[in-house]
Amino acid sequence: MDSSVPGAIPEVSIIVPARNEEASLGDCLASLTTQTGVAFEIIVVDDGSTDRTREIAHSFARVRVISAGPLPNGWTGKNNAVIAGAKEARAQWLLFTDADTVHLPGSLARALAEAKTEEADLLSYSPEQVAVTFAERAVMPVIFAELAAKYPPQKVREQNSGIVAANGQYILVRRAAYDAVGGHAAVATEILEDVALARLFRNKGKHVYFHYGGEAVRTRMYRNWAQLREGWTKNLALLFPQPEQLAIQSLFLWLVAWSALGVAASGAVSHHFSRIAFALFWLLLYGRIRVAHFATANNLIAIACGLPTFAYLLLRSKKAHENGQVSWKGRAYGTGATTGGTSSKVQASKPIPRIENQRLRAKS
């Protein structure tokens, strides 16, 4: 059964927040409207776009297009948009997915079946990451390898592990559980709303289920260096509570990798073949990065050039959060830092405020 029955109550409401997404929204909606095996509706929430985003959304007959509405003080644009979409949704399950995602055929029905089988209140996939430009190919494997190390999916699925995460590019929630914990309204001021929402679910005793979902969805997060730098500056210090230490570690590994390769090369030239064993350090680094599910060439580029770039982005993110402001898509967001001494560790580990407090802050 699909969404073609007029007036039928869908089983899944798909909510797509979109702000200036003309480059990707068409492919996203084409992949969503052709899903089969489950009744669904699609709601695109136009978050003040100034390009052809709204026009593209309207070109799909079975897509409802609404506006996000005014942005309350302290809320992020994405949170405001998904909250508006959730208010309009009719289904018992809600799928929040980004406008830069592409969904493989049948993935919606399979995800819903998995959520029911696992008795998940929140199911999240980490999509396959598409990397095209050199900057993407160098940096993205490093970042996602470090994310896999910090938030191992098998640990996230253990309800008592103390580790919880979600990827906002694909979050499927049971509507009853979502409403019970306060939904995105309870984390409306959080920049890293996906992890905050997962933590909220876990803290309220709800079941969070998370794993790599390249067989279901893929995405290209950033299309150039400027977008990549702005996006990771916003997020890295929140994802990694000790960015300075991780930056030093990344630079050290990079220097050791190139030094080891130099020793191995000199050994080959001078016939001191025992030195060639130093090249094994690249294999060790490759094994660490390959868990991010990128192509072999991208992993090698990441080892060669991505580690120092990752270190730069970590330090840039730390500085931005200490200064109290980050930017994304033409909007500036306060990070809660009141002085330069506020650490990213505090930002990353701060508790989720109660929904009543969020509403008070929004009105103030």
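In what follows, the structure referred to is the one given above.
Right, let's walk through the structure included here. The model shown is predicted, which means the values in this text are computed figures rather than measured ones. (Residues numbered from 1 in each chain as written. Predicted model: local features only at pLDDT ≥ 70, side-chain atom pairs only at ≥ 80, totals over all residues. Heavy atoms only, no water.)

Attention shifts here to the overall build of the chain. Of the regular secondary structure elements, the chain holds 14 helices and 12 strands. For the chain, the proportion of its 364 residues judged to be buried stands at 54%. Counting only contacts in the chain whose residues sit at least 6 apart along the sequence, the fraction spanning at least 24 positions is 77%. Of the roughly 15900 Å² of accessible surface on the chain, 56% is carried by carbon and sulfur atoms. (Helix = DSSP H or I, 4+ residues; strand = E, 2+ residues; numbered from the N terminus. Buried < 20%, exposed > 50% of the residue type's maximum accessible area, 1.4 Å probe, protein only. Contact = heavy atoms within 4.5 Å. Areas by Shrake-Rupley, 256 points an atom, 1.4 Å probe, with all protein chains shown as cover.)

For the rest of this paragraph, the subject is the sheet that holds strand β7 (residues 128-129). Read across the open sheet, the 3 strands follow the order β5-β10-β7; overall the sheet is mixed. At either margin of the open sheet sits one strand with a lone partner, and together these are β5 (101-103) and β7. Sheet analysis places β7 next to strand β10 (residues 217-219), joined by 2 bridges and oriented parallel. Each bridged residue has a counterpart across the sheet, and for Glu 128 the counterpart in β10 is Arg 218. (Pairing = 2+ DSSP bridges.)

Under the definition given, this model contains 8 aromatic pairs. Between the aromatic rings of Phe 144 and Trp 232, the centroid separation amounts to 6.1 Å while the plane-to-plane angle is 80 degrees, which identifies the pairing as edge-to-face. Linking Phe 144 in helix α5 (residues 134-150) with Trp 232 in helix α9 (residues 225-239), this pair joins segments that are 88 residues apart in sequence. Per residue, the accessibility class of Phe 144 equals that of Trp 232, and both read buried. Ring centres 6.4 Å apart and planes at 25 degrees place the aromatic pair Trp 225 and Tyr 312 in the stacked group. Of the two residues, Trp 225 sits in helix α9 while Tyr 312 sits in helix α12 (residues 296-323), which places them 87 residues apart along the sequence. Exposure remark for Trp 225: the relative accessible area of 33% places this residue in the partly exposed category. The exposure class assigned to Tyr 312 is partly exposed, which follows from its relative accessible area of 36%. (Phe/Tyr/Trp six-rings, centres within 6.5 Å; stacked < 30°, edge-to-face > 60°.)

Following the criterion strictly, the structure yields 1 cavity of 30 Å³ or more and no others. Taken together, Val 142, Ala 145, Glu 146, Leu 253, Leu 285, Arg 288, Ile 289 and Leu 307 make up the lining of the largest cavity. Within the residue set of the lining of the largest cavity, elements represented by two or more residues are α5 and α11 (280-289). Classifying every residue of the lining of the largest cavity by side-chain character gives 6 nonpolar, no polar and 2 charged. (1 Å grid on protein atoms, 1.4 Å probe; cavity = no way out; pocket = protein on both sides within 12 Å on 5 of 7 lines; lining within 4 Å. Points joined across faces, edges and corners; volume = space filled by probe spheres on them. Nonpolar A, V, L, I, M, F, W, Y, C, P; charged D, E, K, R; others polar.)

As for its position among the elements, Lys 234 is in helix α9. At 3.1 Å, the side chain of Lys 234 forms a polar contact with the side chain of Asn 235. Residue contacts for Lys 234: discarding those within four places in its chain leaves Ile 191, His 321, Val 326, Ser 327 and Trp 328. (Polar contact = N/O pair within 3.5 Å; in protein donor to acceptor, adjacent residues only side chain to side chain.)

Let us now look at the pattern of salt bridges. Throughout the structure, instances matching the rule amount to 16 salt bridges. Between Glu 146 and Arg 288 there is a salt bridge, and its shortest N-O distance comes to 3.0 Å. Pair noted here: Glu 146 is in helix α5 and Arg 288 is in helix α11, with a separation of 142 residues, a long-range link. Since its relative accessible area comes to 35%, Arg 288 is described here as partly exposed. Via salt bridges that share partners, Glu 41, Arg 64, Glu 88 and Arg 90 belong to a single interconnected network. (Salt bridge = Lys/Arg side-chain N within 4 Å of Asp/Glu carboxyl O.)

Let's shift gears to α11. Every buried residue belonging to α11 is among Trp 282, Leu 285, Tyr 286 and Ile 289, and all of these are buried. Down the axis, α11 shows its buried residues gathered within 105 degrees of arc, on one side only. Exposed and facing more than 90 degrees away from the buried side of α11 are Leu 283 and Leu 284. (Arc of directions from axis to C-beta.)

This brings us to unusual backbone geometry. Phi is positive for Glu 119, close to 55 degrees, though the residue is something other than glycine. Of note, Lys 329 is a non-glycine position whose phi angle comes to about 50 degrees, a positive value. Counting through the fold element by element, Lys 329 comes out in the loop between β11 (325-328) and β12 (331-334).

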